[in-house]
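# Observations on the model geometry
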Amino acid sequence: MNLKRNKESPESDELNGVSPFPDEVLERVLSLLKSHKDRSSVSLVCKEWYNAERWSRTHVFIGNCYSVSPEIVARRFPNIRSVTLKGKPRFSDFNLVPMNWGADVRSWLDVFATAYPFLEELRLKRMTITDESLESLGRKFPNFKALSLLSCDGFSTDGLGAIATHCKNLTQLDIQENGIDDLGGGWLSCFPENFTSLEILNFANLNSDVNFEALERLVSRCKSLKVLKVNKNIMLDQLQRLLVHAPRLMELGTGSFLPELTACQYAELESAFNNCKNLHTLSGLWDATTLYLPALYPACTSLTFLNLNDAALQSGELAKLLAHCPLLRRLWVLDTVEDRGLEAVGSSCPLLEELRVFPADPFDQDIVHGVTESGFIAVSYGCPKLHYVLYFCRQMTNAAVATIVQNCPDFTHFRLCIMDPGQPDYLTNEPMDEAFGAVVKTCTKLQRLAVSGLLTDLTFEYIGNYAKNLETLSVAFAGSGDWGMQCVLSGCPKLRKLEIRDCPFGNAALLSGLEKYESMRSLWMSACNVTMNGCRLLAREMPRLNVEVMKDEESEDSQADKVYVYRTVAGPRTDAPPFVLTL
Amino acid sequence: MRTNAYQRFLQWKGSDKVSTITTNTTTTSSENSDERNNNGLNLKATELRLGLPGSESPERSDKVGHSLGVLKNLVSGAKRGFSDTIGNGSGKWVFSGVGGSEADLVKSGGGLFSPRGGNGGKPIVGSESNSQQLGLVAPAGNDGVPQSPKPAQEKKPQVSASNGHGIGPASKAQVVGWPPIRSFRKNTMANNPQKNDADADGKLGLGCLYVKVSMDGAPYLRKVDLNTYSSYMELSSALEKMFSCFTIGQCGSHGVPSCNGLSESRLMDLLHGSEYVLTYEDKDGDWMLVGDVPWKMFTDSCRRLRIMKSSEAIGLAPRAMEKCKNRN
């Protein structure tokens, strides 16, 4: 958005730096801005615009909860209705961050209770939230409408019960994968019988049974329900009854496809799906097989997102299903579909933009099959619009990746995980440098990259030289020495997040990014060669960064096992647990 | 355009770029030797061996470009010398087995690293972590596991292996947090309890007792929780349901449920007839025929199940052979 001042204004006020617009008009105009990046730009223009922007902002996105304090946020933005907060470093998803590390939302809610009593939406990712906090959300925020939790922990289903009990205007309850203490399904029965405002309900990742009758009544009285994702304890016959009450669903997460249906029940199910004309997202499908999948087919004609990562389909089953999904744009599957299944993707989904292939048994070394480079190539030939891929495989070649990016040069997100750490090209035994070289050379729009396999400095030279739009880079078990990381830090102007584990990068590499880190959100380095002294030096030179170290129990005093560096205007953490050393 | 693209893919597939090595030869274990595709690979050279470092090891052919077996790089002659990896402070690998194989490795001296996990040697406790999936870390010094040399002083040299390829893991043992799958995802995938009366409130009694079930000729393994069954009959019928599609091919052409009866009885024939026998590996590593001991004793000692072709069952207890003959 081009927000240059009009230099040709006839008003002389212009020369005195007074805005030609009254504040109210400016605020009204700016309130139409949704992107927080645009809003940041706007706020830098001049003082008037800064003020107009801060008064008109209703949603704030905080990518690192420790980069700013709730008091600072409340002081700057008086009219916030919706908050998105992200907490722990991403590697906490993979158990690399100990429990009780922090990112508790409580201190934020305490401030919001006075600053934003009319808060409506809270979206948390990798934060800790307790049942008490959930209850306070219900009690202290009378307008609270939407709660979304992803990769969070610290709460139980009792907290969900508190939300259901107290939030009279709730429209969204979106509980994605979390470390939740599942004490039972009684929380769902806490929604009052006169409660009708729900539009989004997602409890697919909860394990215990909810009371089905309560669920059915809830679904039938919430006429605006658009998104319903149930857990795997809901059976097909029950699903059919829910669908009858909510034919206008746009997103559906089914329950389990066990056990058996009678022919009559099957016909009813098919009919219920036939009536779901608005479905664009489908997920769940636990234990789905060709036995009952065909009941779904009538509902798939408008599908744009199919999430099969809970359904261990085989290639034939997937092929048959995809034949009914011509408009598919996003697909998530397990690698049980194998290369043959991916060939079906290539031939059935010409509009595909995003593909994620997850391993069904990632820790099982006896598994011989899964997907290989061949499946990925098949998709690339058939889906030229592909721009987002997350691919777990057990073998890959440089030539394959080169072919893939030649077919699909528009990748913005390329995340390749060759599951055996440090594995070379299995045909040539070479490192996988040329593969990622091809990616960064060809895909000029690349924003996010995750590398794997046997990699030398050369990969990082390529990244530094070519990946000029790269914002997020994930590296594991790769590299030959400091030079690699130095290349990336000096070569990628838009780098915001760098996360590294088990690489031979040491102090020289860490310190080469001295001035870079303030323009980045964060840096994570674990199991590298960085020492405490190196971290202390960084902390001393760059006071506006928080340099935090977590040491493993068995390590030498000088080793900095886990390093987390991030820019902040809030100073060092005041809530750090003893195992987090702030330097 | 779609057709052309697919034709191009078929052309690529048939071209010389794709070697004759099929895509199905990634990880293997010695048990699946009959399933390995022998495409000119010198399988003897890559046979899984367990042994102390420096022990006799087969020469590795240069053609083998990918890892085979659990302890590939412990075999000297691998690209990265063993001593490189053990001496450079990468003794951070969590060394653990799945399903008890850690005990084997320790016995044979294969547990060579100071096991250190992401949480300083403590077992990884995600909120609902499943120890079988994550691979527990044994605290260093226990179990007689020899420790790797501690990392040197602060100014330790840059890590670079002799061939300039840098650090790689010395083995394919489970590493903390790798592959990068969300721990919550792992939990939901591991905990797929089958509904039955004992679990009416959704809680499992004594915890899960997951064992792998493999079937000769099936493309992948399944897992079952033995605690959800109370008799051999229940286990047997559950396995029939699970594996029926492998023996019969795709079942259910147009969603008609009645075809279940047909495939089930056919599989029952196969399982109870002469083609397949159900066997299990017990705590001592011996393969036994399922059904000989009381159910409780069986669940206590069973480590994994295998639906074996009867022709392979030679070598089991003589009674097994007798049973096979009786069924013919």
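For every chain, the first residue of the written sequence is number 1, and numbering continues from 1 along that sequence. Both sets of labels track the order of writing: A upward for chains, 1 upward for ligands. It should be noted that, the model being predicted, local features are given only for residues of pLDDT at least 70 and side-chain atom pairs only at 80 or more, the latter also being counted only at that level, while totals for whole chains, interfaces and linings use all residues. The side-chain values count all of the structure's non-hydrogen atoms but skip hydrogen atoms and water molecules.

All right, on to the overall build of chain B then. Only runs of H or I of at least four residues qualify as helices and only runs of E of at least two qualify as strands under DSSP, and these elements are numbered from the N terminus. For chain B, the helix and strand inventory stands at 9 helices and 5 strands. Reading chain B from its N terminus to its C terminus gives the helix and strand order α-α-α-α-α-β-β-α-α-β-β-α-β-α. Each of the 328 residues in chain B was classed as buried or not, and the buried ones make up 47%. Looking at chain B alone, contacts between residues at least 24 apart form 58% of all its contacts between residues at least 6 apart. The buried label applies to any residue whose accessible area, calculated with a 1.4 Å probe on protein chains only, is under 20% of its type's maximum; exposed applies above 50%, and partly exposed to all values in between. Here, residues are in contact when the closest pair of their heavy atoms is within 4.5 Å.

Looking only at helices and strands, chain A features 19 helices and 23 strands. Counting the 583 residues in chain A, one finds 64% classified as buried. For chain A, long-range pairs separated by at least 24 residues make up 69% of all intrachain contacts whose partners lie at least 6 apart in sequence. Areas reported here follow the Shrake-Rupley algorithm with a probe of radius 1.4 Å; residue values treat only the protein chains shown as occluding. Accessible surface for chain A amounts to roughly 21,000 Å². Of this, 51% is attributable to carbon and sulfur atoms.

To pair, rings of Phe, Tyr and Trp, with the six-membered ring standing in for Trp, must have centres within 6.5 Å; the planes then decide the type, stacked if under 30 degrees apart, edge-to-face if over 60, and tilted in the middle. Evaluated as defined, the whole model comprises 24 aromatic pairs over all chains. Judged by centre distance (5.2 Å) and plane angle (80°), the ring pair of Phe477 of chain A and Trp178 of chain B falls under edge-to-face. Linking Phe477 of chain A in the loop between strand S18 (472-476) and helix H17 (482-491) with Trp178 of chain B in the loop between helix H4 (131-134) and helix H5 (183-190), this pair reaches from one chain into another. Since its relative accessible area comes to 10%, Trp178 of chain B is described here as buried. Through successive ring pairs, a cluster of aromatic residues spans Tyr66, Phe91, Phe94, Trp101, Trp524, Tyr564 and Tyr566 of chain A. A ring is scored as having a charge over it whenever the NZ atom of a lysine or the CZ atom of an arginine sits within 6 Å of its centre and within 35 degrees of its normal. Directly above the ring of Phe305 of chain A sits Arg330 of chain A, whose terminal nitrogen or CZ lies 3.9 Å from the centroid. Of note, Arg573 of chain A hangs over the ring of Trp101 of chain A, and the distance from its end group to the ring centre comes to 4.5 Å.

Quick look at the nonpolar core now. A general trend in soluble globular proteins is that nonpolar side chains are found buried together. Leu215, Phe411, Phe414, Leu449 and Ile463 of chain A are the most contacted members of the largest nonpolar core, which totals 182 residues. What Leu449 of chain A contacts, discounting residues up to four positions off in sequence, is Phe414, Phe436, Val439, Val440, Ile463, Leu470, Thr472, Leu473 and Ser474 of chain A. Ranked by size, the runner-up nonpolar core spans 21 residues in total, among them Ala218, Leu235, Phe243 and Leu278 of chain B. By nonpolar core is meant a set of buried Ala, Val, Leu, Ile, Met, Phe, Trp, Tyr and Cys residues that side-chain atoms within 4.5 Å join together.

Okay, the sheet that holds strand S1 (residues 210-215) of chain B next. Residue and element names in this part refer to chain B. The criterion for strand pairing is that DSSP finds at least two bridges linking the strands in question. The strand order across the open sheet built from 5 strands is S2-S1-S5-S3-S4, with neighbouring strands paired in mixed fashion. Two strands lie at the open edges of the sheet, namely strand S2 (222-225) and strand S4 (287-289), each paired on one side alone. Ignoring which end each strand starts from, the neighbouring axes of this sheet average 35° apart. Of the strand pairs in this sheet, strand S3 (residues 276-281) and S4 are connected by 3 bridges, and their pairing is antiparallel. By the bridge assignment for S4, Glu281 is matched with Trp287. In this analysis an axis means a line fitted to C-alpha atoms, helices contributing only their contacting stretch, and an angle means the value between N-to-C directions, from 0 to 180 degrees.

All names here are of chain A. Throughout this description, the term salt bridge denotes a Lys or Arg side-chain nitrogen within 4 Å of a carboxyl oxygen of Asp or Glu. Enumeration over the complete set of coordinates arrives at 31 salt bridges over all chains. Ionic pairing is found between Asp153 and Lys88, a salt bridge with its closest N-O pair at 3.0 Å. Highlighted residues: Asp153 in strand S5 (residues 153-156) and Lys88 in the loop between strand S2 (82-86) and helix H5 (106-115), separated in sequence by 65 residues. For the pair formed by Asp153 and Lys88, the shared burial category is buried. A salt bridge links Arg106 to Asp104; its shortest N-O distance comes to 3.9 Å.

Attention shifts here to the pairing of strand S20 (residues 522-526) of chain A. Residues and elements named next belong to chain A. Burial of S20 is extensive: 5 of the 5 residues sit out of reach of the surface. Because side chains alternate across S20, one face comprises the buried residues Ser522, Trp524 and Ser526, and the other comprises Leu523 and Met525, equally buried. The pairing of strand S19 (residues 497-501) with S20 spans 5 bridges and is classified as parallel. Bridge assignment links Arg501 to a residue of S20, and that residue is Ser526. By the criterion used throughout, a crossover qualifies as right-handed when its path from the first strand across the helix to the second strand runs clockwise, the strands pointing away from the viewer. At this point the chain moves from S19, through helix H18 (residues 507-512), to the parallel S20, and the crossover so formed is right-handed. Where S20 and strand S22 (residues 562-567) come together, 5 bridges link them in antiparallel fashion. Residue pairing in the sheet places Trp524 in a bridge with Tyr564 of S22.

A few words now on the pairing of strand S4 (residues 146-150) of chain A. Residue and element names in this part refer to chain A. Burial analysis of S4 places 5 of its 5 residues in the buried class, which makes it a mostly covered element. Going residue by residue along S4, you find Ala146, Ser148 and Leu150 tucked away on one face and Leu147 and Leu149 tucked away on the opposite face as well. Bridging between strand S3 (residues 121-125) and S4 involves 5 bridges; their strand directions are parallel. The partner of Arg123 across the bridge, within S4, is Ser148.

Residue and element names in this part refer to chain A. It is at 7 Å that the axes of helix H14 (residues 398-407) and helix H15 (residues 433-442) come closest, and there the two elements cross at 10°. Put simply, H14 runs roughly parallel to H15. Relative to H15, the crossing made by H14 is right-handed. Between H14, through Asn398, Val401, Ala402 and Val405, and H15, the contact on the second element is made entirely by Asp433, Glu434, Ala435, Ala438, Val439 and Thr442. Here is the rule for angles: anything less than 35 degrees is roughly parallel, anything more than 145 is roughly antiparallel, 65 through 115 is roughly perpendicular, and the remaining ranges are oblique. Crossing handedness is defined as follows: a turn of the near helix away from the far one that is anticlockwise and smaller than a right angle gives a left-handed crossing, while the clockwise case is right-handed.

All names here are of chain A. The buried count for helix H7 (residues 157-166) comes to 7 of 10 residues, which makes it a mostly enclosed element. Listed as buried for H7 are Thr157, Gly159, Leu160, Gly161, Ala162, Ile163 and Ala164. Where the residues of H7 are buried, they touch helix H6 (131-140), S4, S5, strand S6 (172-175) and strand S7 (179-181).

Our focus in this paragraph is the packing of helix H9 (residues 236-245) of chain A against helix H10 (residues 263-274) of chain A. Each pair of packed helices gets described by two things: the angle between the helix axes and the distance between those axes. Residues and elements named next belong to chain A. It is at 9 Å that the axes of H9 and H10 come closest, and there the two elements cross at 40°. The angle between H9 and H10 places the two elements in the oblique class. With respect to the hand of their crossing, H9 and H10 are arranged in left-handed fashion. Facing Leu236, Asp237, Leu239, Gln240 and Leu243 of H9, the residues of H10 in contact are Gln265, Glu268, Leu269, Ala272 and Phe273. Here the contact of H9 with H10 is built from residues that sort into 6 nonpolar, 2 polar and 2 charged. Think of it as three bins: nonpolar holds Ala, Val, Leu, Ile, Met, Phe, Trp, Tyr, Cys and Pro, charged holds Asp, Glu, Lys and Arg, and polar takes everything else, Gly as well.

Turning our attention to the environment of Leu352 of chain A. All names here are of chain A. Note that Leu352 resides in the loop between helix H12 (338-348) and strand S14 (354-358). A residue is classified by how much of its surface remains accessible, and Leu352, at 0% relative accessible area, is buried. Residues Leu352 and Cys383, spaced 31 residues apart in sequence, show a C-alpha to C-alpha distance of 5.7 Å. Among all residues touching Leu352, those that are not within four sequence positions of it are Leu328, Arg329, Arg330, Leu331, Val345, Val379, Cys383, Lys385 and Leu386.

What follows concerns the environment of Leu149 of chain A. Residues and elements named next belong to chain A. Following the sequence through the fold, Leu149 ends up in strand S4. Leu149 sits 26 residues away from Ile175 along the chain, and the two C-alpha atoms are 5.2 Å apart. Aside from chain neighbours lying at most four places away, what touches Leu149 is Leu124, Ile129, Phe155, Asp174, Ile175, Gln176 and Asn178.

Bringing helix H2 (residues 36-43) of chain A into the picture now. Residue and element names in this part refer to chain A. By the burial criterion, the buried members of H2 are Arg39, Val42 and Ser43. The buried residues of H2 occupy one face: seen down the axis, they fall within an arc of 95°. Buried residues along H2 sit in contact with helix H1 (23-30), helix H3 (47-56) and helix H4 (70-76). Two N or O atoms form a polar contact when they lie within 3.5 Å of each other; inside protein one atom must be a possible hydrogen donor and the other a possible acceptor, and for residues adjacent in sequence the pair counts only when both atoms belong to side chains. For H2, the side-chain oxygen to backbone nitrogen distance between the N-cap and Lys37 is 3.2 Å, and the N-cap itself is Ser35. By definition, the arc is the one covered by directions from the helix axis to the C-beta atoms.

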